[in-house]
Amino acid sequence: MSAVHAMPFPVPRWSVEYLHATPESVLAAPDVLAVIGFGANAPYCDDPRYLRVALEPYGDAPLEVWRAGGPVQRGRDGDVAWAEDGALQFGAIELDEGDDAALGRSDIEATADRLYRRLVEFVQARGYPHLLRVWNYLDGITVGEGDLERYRQFCVGRARGLGTVDPHALPAATAIGQVNADDATRRLQVYWLASRVPGTPLENPRQISAYRYPRQYGPQPPSFARAMLPPLGSTMPLMLSGTAAIVGHESQHADSVGTQLDETLANFDSLIAVARAQWPTLPAGFGAHSPLKIYVRDRDELEAVKRALDTRLPPDVPRVVLHAAVCRRELRVEIDGVHG
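To start, this report covers the structure provided alongside it. (Residues numbered from 1 in each chain as written. Predicted model: local features only at pLDDT ≥ 70, side-chain atom pairs only at ≥ 80, totals over all residues. Heavy atoms only, no water.)

As for the pattern of salt bridges
Stated precisely, the cut-off is as follows: Should a side-chain nitrogen of Lys or Arg be within 4 Å of a carboxyl oxygen of Asp or Glu, the pair is scored as a salt bridge. Only DSSP runs of H or I covering at least 4 residues are called helices, and only runs of E covering at least 2 are called strands; the numbering of each starts at the N terminus. The classification of residues rests on relative accessible area computed with a 1.4 Å probe and restricted to protein chains. Under 20% of the type maximum is buried, over 50% is exposed, and intermediate values are partly exposed.
Throughout the structure, instances matching the rule amount to 27 salt bridges. In this structure, R118 engages D77 in a salt bridge whose closest nitrogen and oxygen atoms are separated by 3.3 Å. Remark: D77 occurs in strand β6 (residues 73-77) and R118 occurs in helix α2 (residues 108-126); sequence separation between them is 41 residues. In this structure R118 comes out as buried when scored by relative accessible area, which is 18%. Owing to a relative accessible area of 36%, D77 belongs among the partly exposed residues under this scheme. With a closest N to O distance of 2.8 Å, E84 and R126 form a salt bridge. In this pair, E84 is assigned in strand β7 (residues 80-84) and R126 in helix α2, connecting sequence segments 42 residues apart. In this structure E84 comes out as buried when scored by relative accessible area, which is 6%. Several salt bridges share partner residues, and in doing so they unite E64, R133, K293 and D336 into one network.

Topic: the state of the cysteines
As a reminder of what qualifies: Any two cysteine sulfur atoms within 2.5 Å of one another count as a disulfide.
Overall, the coordinates contain 0 disulfides when judged by the stated rule. The closest cysteine sulfur to the non-disulfide-bonded C327 is located on C155, 7.5 Å from its own sulfur.

Observations regarding the pairing of strand β11 (residues 130-139)
The cut-off we apply is this: Strand pairing is assigned whenever DSSP identifies at least 2 bridges connecting the two strands. The handedness rule is simple: strands pointing away from the viewer, and a clockwise path from the first strand over the helix to the second, make the crossover right-handed.
The element β11 is largely enclosed, with a buried count of 9 among its 10 residues. Where β11 meets strand β13 (residues 187-195), 8 bridges bridge the pair, whose relative direction is antiparallel. Opposite H130, over in β13, you have S195 as the bridge partner. Looking at chain direction, β11 and strand β12 (residues 172-178) are connected through 7 bridges and run parallel. By the bridge assignment, Y137 is partnered in β12 with I176. Since β11 and β12 lie parallel, the crossover through helix α3 (residues 150-162) that links them has a hand, and here it is right-handed.

Below, the structure written as structure tokens:
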């Protein structure tokens, strides 16, 4: 977004791209804030800016590369891997779930609480208190019935760990499950982009704000905004939360992944229109500067979704298709990304 006033620190600059390269070659650039590899075949690298995500890609499997506005410092602080350029911070925490003897299973609620308390403590201590964008990857996301469903328990733990937060200041976020994860090795992986100054959360007029969902979706509504406008004066894209075929608060088209995909793209059209009201030069539709991640629940539908995207999106839209579980069992596909 265009500058409106001078900042007492570097102007936030951030871009995302998909590259076919080795982590080491990409990380050699001084402005690289983070690199993310997908799937079991993603290479290993001990740089704290590099993160392996266990979700399996379908077809093309590039690295996701985040670039900042200048030279990046990085390090590890206990269980936190981090990188900063003076304006923005990348951070990541991965915690194995503890066992709850009374429940006879791993405890995602307590793990989410512990992780988010650590996250909040860390970003505040480092001077990047404003979460802009968060990704949450957890095993068995829809395992359990009613309020014992793991996603609902995760939402309780996340809210408790975040503490008292104005719901109108929540970050954009994604919560996605790994498919066929081993119960014995359940792990919560969270990574984020934080800033010294806040962005502007956006909501979608086609959808009820997630933090206002009715009780039928669990004791604690999800803690995220539908999108995040970047800080004023920055050079950054619009950040899009995980988006699916939800209208109001209800899932749509449970019997058709193609129709769910159309509804998801309609939600993005609506959200981008809201963003353009504040950012008129933002492109009205996806293009070369709109890298997307597409999460598909059923392995048998990966190819169908890939083909559908080829017809529904411009050919220059960068995208990675991942086999992953969406947070509602009836939802077959979810998409997140950036735009601008």
